[in-house]
Amino acid sequence: EFWPAMISLRAKIQGFIVLDYIKQWGRAKQQLAQWIVEGKIQYQKEDIREGLENAPAALLDLFNGENKGKLIVKIGDRITTSEDGNQNEPRIIASRL
């Protein structure tokens, strides 16, 4: 269904491989950082979904490219002690997909 429409419309599909542009990485990194500072582009490091009941939908979103950044399913807060036994330094444990 997709391809006949693409052919009849004479559509062009073209991609690229990032490694084709490796020599431009340094300059691109500087420009991207500047755009982030200027607010021209935004990025999100993590996409956090709450609750184990949302894990199946989160997994589907992961495979469909719906997540923004790392997809995390937070199933609850579990306070643990630090390695040296200091209970004053709680850590939050979350499951990552």
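It should be noted that the structure appears before, not after, this text.
What comes next is a walk through the structure. (Residues numbered from 1 in each chain as written. Predicted model: local features only at pLDDT ≥ 70, side-chain atom pairs only at ≥ 80, totals over all residues. Heavy atoms only, no water.)

**Overview of the overall build of the chain**
- Scanning the chain for helices and strands turns up three helices and three strands.
- Reading the chain from its N terminus to its C terminus gives the helix and strand order α-α-β-α-β-β.
- For the chain, with 97 residues in total, the buried portion stands at 12%.
- Expressed as a percentage of contacts within the chain between residues at least 6 apart in sequence, the contacts between residues at least 24 apart total 33%.
- Total accessible area on the chain stands at roughly 8900 Å², and carbon and sulfur atoms take up 56% of it. (Helix = DSSP H or I, 4+ residues; strand = E, 2+ residues; numbered from the N terminus. Buried < 20%, exposed > 50% of the residue type's maximum accessible area, 1.4 Å probe, protein only. Contact = heavy atoms within 4.5 Å. Areas by Shrake-Rupley, 256 points an atom, 1.4 Å probe, with all protein chains shown as cover.)

**Some points on unusual backbone geometry**
- Of note, the phi angle at Arg 10 is positive, near 55°, even though the residue is not glycine.
- Note on placement: Arg 10 falls in the loop between helix H1 (2-8) and helix H2 (25-38).
- Owing to a relative accessible area of 72%, Arg 10 belongs among the exposed residues under this scheme.

**Notes on the environment of Lys 74**
- Position of Lys 74 among the secondary structure elements: in strand E2 (residues 70-74).
- Linking Lys 74 and Leu 52, residues 22 residues apart in sequence, is a C-alpha distance of 7.2 Å.
- Excluding residues that lie within four positions of it along the chain, Lys 74 makes contacts with Ile 48, Arg 49, Glu 50 and Gly 51.

**Some points on the pattern of salt bridges**
- For the coordinates displayed, the defined rule picks out three salt bridges.
- Glu 38 is the salt-bridge partner of Lys 40, the closest N and O atoms lying 3.2 Å from each other.
- Owing to a relative accessible area of 58%, Lys 40 belongs among the exposed residues under this scheme.
- You can call Glu 38 partly exposed: its relative accessible area is 43%.
- Taking the shortest distance from any N to any O, the salt bridge between Arg 49 and Asp 61 comes out at 2.8 Å. (Salt bridge = Lys/Arg side-chain N within 4 Å of Asp/Glu carboxyl O.)

**Things to note about the side chain of Asp 47**
- Within the secondary structure, Asp 47 is located in strand E1 (residues 46-50).
- Here the side chain of Asp 47 touches Lys 68 through a polar contact of 3.3 Å, landing on its backbone nitrogen.
- Leave out the neighbours within four places in its chain, and Asp 47 touches Glu 66, Asn 67, Lys 68, Lys 70, Leu 71 and Ile 72. (Polar contact = N/O pair within 3.5 Å; in protein donor to acceptor, adjacent residues only side chain to side chain.)

**A word on the side chain of Asn 67**
- Considering the arrangement of structural elements, one finds Asn 67 in the loop between helix H3 (55-64) and E2.
- Given a relative accessible area of 16%, Asn 67 falls into the buried group.
- A distance of 2.8 Å separates a polar atom in the side chain of Asn 67 from the backbone oxygen of Gly 69.
- Setting aside chain neighbours within four positions, we find Asn 67 in contact with Asp 47, Arg 49, Asp 61 and Leu 62.

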